[in-house]
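Descriptive structure summary
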Amino acid sequence: MKNVSLEELSSPGCSHCAAFESFWHSIENDWPNVTYKNTSVTTPEGQELAQKHMIFASPGIFLNGELFATGGYDEAKFLAKLKEVSL
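In this report, the structure presented in the accompanying data block is examined. None of these values were measured; they are calculated from a predicted model. (Residues numbered from 1 in each chain as written. Predicted model: local features only at pLDDT ≥ 70, side-chain atom pairs only at ≥ 80, totals over all residues. Heavy atoms only, no water.)

**Regarding the side chain of Glu7**
Mapped onto the fold, Glu7 is located in strand β1 (residues 4–10). One buried charged residue, Glu7, remains without a salt bridge, the closest side chain of opposite sign being Lys37 at 4.2 Å. A distance of 2.5 Å separates polar atoms of two side chains, one belonging to Glu7 and the other to Thr39. (Helix = DSSP H or I, 4+ residues; strand = E, 2+ residues; numbered from the N terminus. Buried < 20%, exposed > 50% of the residue type's maximum accessible area, 1.4 Å probe, protein only. Lys, Arg positive; Asp, Glu negative; His and termini not counted. Salt bridge = Lys/Arg side-chain N within 4 Å of Asp/Glu carboxyl O. Polar contact = N/O pair within 3.5 Å; in protein donor to acceptor, adjacent residues only side chain to side chain.)

**Focus on the nonpolar core**
Leu6, Phe20, Trp24, Val34, Phe78 and Leu82 are the most contacted members of the largest nonpolar core, which has 14 residues in total. Listing elements by their share of this core, those giving two or more residues are β1, α1 (15–27), β2 (34–40), β3 (60–63) and α3 (75–86). The element that contributes the greatest number of residues to this core is α1, accounting for four residues. The residues touching Phe20, leaving out its near neighbours within four places in the chain, are Leu6, Glu8, Tyr36, Pro59, Ile61, Tyr73 and Phe78. Ranked by size, the runner-up nonpolar core spans six residues in total, among them Leu49, Ala50, Ile55 and Phe62. (Core = buried A, V, L, I, M, F, W, Y, C linked by side-chain atoms within 4.5 Å. Contact = heavy atoms within 4.5 Å.)

**Section: the sheet that holds β1**
Taking strand neighbours across the sheet as the criterion, the four strands line up as β2-β1-β3-β4 in an open arrangement whose pairing is mixed. A strand with exactly one partner marks an edge of an open sheet, and here the two such strands are β2 and β4 (66–70). Shown here is a sheet whose adjacent strand axes are inclined to one another by a mean of 20 degrees, direction ignored. Relative to β3, β1 is paired through four bridges, and the arrangement is antiparallel. Of the residues in β3, the one forming a bridge with Leu9 is Gly60. Here α1 sits on the sheet in contact with β1, β2 and β3, set at roughly 155 degrees to β1. (Pairing = 2+ DSSP bridges. Axes fitted to C-alpha atoms, helices over the stretch in contact; angles between N-to-C directions.)

Set out below in structure tokens:
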């Protein structure tokens, strides 16, 4: 399996962000090849990510630096994409 970086761009008080983070932590043991990072949109790094990728809804979910979804996510599509980038 290839190493994969998973980054979540989150904002304070965002229920979709909390739901994604909770979902990830419930499955992360199945994905030892994935490195997870949560970046707050309130940080300079988060602001830069939001501007660069034109993200207007949280969370922004990135796999290997590529924007996968914003404003929510579909668990099945996320898992399919995670499998794809891990091969």
